[in-house]
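Breakdown of the fold
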Amino acid sequence: ALLPLPDNGTLLFDMMNSRFLQLGSDGKPGAFLSTPAPRAAPDRRAPGSGFANGGRITGDRGMDARGRIYFQGLPIGPDGQPADSVPVMRWDRVAPTYDTVAWLRLPKNAASVQTTRSGGQRIMAMRLGGNGAWPAADQWQVAPDGRIAIVSPEPYRVTWLRGSSRTTGPTIPYTPLRVTDAEKQEFLDQRARQRPVAIAVDGGGSGAANRALAASQAAQEEPEWPETLPPFTGPNSVLMTPEGDVWVLRTRKASDKTPTYDLFDAAGKLTGKVTLRPNSRVVGFGKGTVYVARADEDDLEYLERYRR
C-alpha cells in the first residue's frame, strides 16, 4: 500500500517485514521506518492484539492530516481461532503511541486457521477473507481530521465516529441483486487471478510453516454462495476524499461493466452518485480531482485524472 504523508512524501508499506520505505516528494527512496509492537494496544487477551496481531501493523487503511496511520487488527483471537470483531488502531509516529479508535464486527468465517505441530513446534497458518463470496462486512476509512467512517451493509448506512461521539446516517434503501451463474463465474475468474493472503508462524524455523502456508493457499474449495449481493463488498469499496466525503463502490451484475459510487457527507447522508466509464475504478483523490484506473480489452491500465 502507498500512504501519502502531509509533507507530500509517501510511505510504501511492506507488511511481511513490518516496515515502511519512505519516499520523498521527488520520488527518491529514503530510509526504512520500522513499526514497533503496539504498547498501547487493546487488552492482550482481545482479538487482533498481541500475538494474534503479530505485534505489528497489518491492514493499514489510511492516514490523517497529522500523519497518524490507521490500521486494522487480524481477525484471530487469543486462542488462535477466528474472532468476530477486530480493533481499528491508530499509530502516532511522533509520540510514539498506539490507541484503539473503533471496533469492527466481522462476518462469519472472516478467516480460516490451520494448526499443526512439527518437531515440538506449533505451526499456525491462516488465510484471511474466509471462503464466502462477496462477504457482507462493515468497511471503514479515516477522514483527514481523524474521524472514522464505518459503512455497514445490513442496514446500508454510514456511521461516523470521533472518540465517544457517534453519528449514524439514515438507512439507504436498495434492491438486492440475485446471484446467478454469471456472477459465480466472474467471481471464480477473479479469484483465479489472485493469490490468497496467508500468514504462517513457525517458532522453530524448520520450514514446516512454508508447507502449512502452501496448504492453506491451496485450499481453494468451492465458495459459499449467497443468494444476493450486498450493496458493497471488500475494503477497496470505501474511499475517503480530502474534504471528508465517503465514496462507496456499489456491487453490480456480471454483465454490468459500468461502476457507480454512492457519495456520503459528514452526517452520513447520501448526497449524490458518480458513474465512471466501463472497466474503471477510483484509485485516489487530489485537491478537487479524482484519479481513475481504466482497463482496456488487453487489461492494460490507464491512469486518468478528472475534476470533481
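Computed from a predicted structure; not experimentally measured. (Residues numbered from 1 in each chain as written. Predicted model: local features only at pLDDT ≥ 70, side-chain atom pairs only at ≥ 80, totals over all residues. Heavy atoms only, no water.)

**Thoughts on the nonpolar core**
One finds Val-151, Tyr-156, Trp-160, Val-246, Val-248 and Phe-264 to be the most contacted residues of the largest nonpolar core, which totals 13 residues. Where this core is concerned, the elements lending two or more residues are β12 (148-153), β13 (156-162), β18 (238-240) and β19 (246-249). Take this core: its biggest share by element is three residues, from β13. Filtering out sequence-adjacent residues up to four positions away, Val-248 remains in contact with Val-151, Tyr-156, Phe-232, Ser-237, Thr-260, Tyr-261, Asp-262 and Phe-264. With twelve residues, the next largest nonpolar core counts Tyr-70, Val-101, Ile-148 and Ile-150 among its residues. (Core = buried A, V, L, I, M, F, W, Y, C linked by side-chain atoms within 4.5 Å. Buried < 20%, exposed > 50% of the residue type's maximum accessible area, 1.4 Å probe, protein only. Helix = DSSP H or I, 4+ residues; strand = E, 2+ residues; numbered from the N terminus. Contact = heavy atoms within 4.5 Å.)

**With respect to the sheet that holds strand β4 (residues 29-34)**
The strand order β1-β2-β3-β4 describes an open sheet built from four strands, whose pairing is antiparallel. The open sheet is flanked by β1 (2-4) and β4, the only strands paired with a single partner. Sheet twist, expressed as the average angle between the axes of neighbouring strands with direction ignored, equals 25°. Relative to strand β3 (residues 19-23), strand β2 (residues 10-14) runs antiparallel, the two sharing five bridges. Looking at the pairing, Phe-13 lines up with Phe-20 of β3. (Pairing = 2+ DSSP bridges. Axes fitted to C-alpha atoms, helices over the stretch in contact; angles between N-to-C directions.)

**Notes on the sheet that holds strand β23 (residues 289-295)**
A sheet is described by the order of its strands in space; here three strands give the open sequence β22-β23-β24, paired in antiparallel fashion. The sheet is open, and its two edges are formed by β22 (280-286) and β24 (301-307), each paired on a single side. Geometrically, the sheet is characterised by an average inter-axis angle of 25° between neighbouring strands, direction not taken into account. Here seven bridges tie β23 to β24, and the two strands are oriented antiparallel to one another.

**With respect to the pairing of strand β8 (residues 97-105)**
Where strand β7 (residues 85-92) and β8 come together, eight bridges link them in antiparallel fashion. Within β8, the residue paired with Trp-91 across the bridge is Tyr-98.

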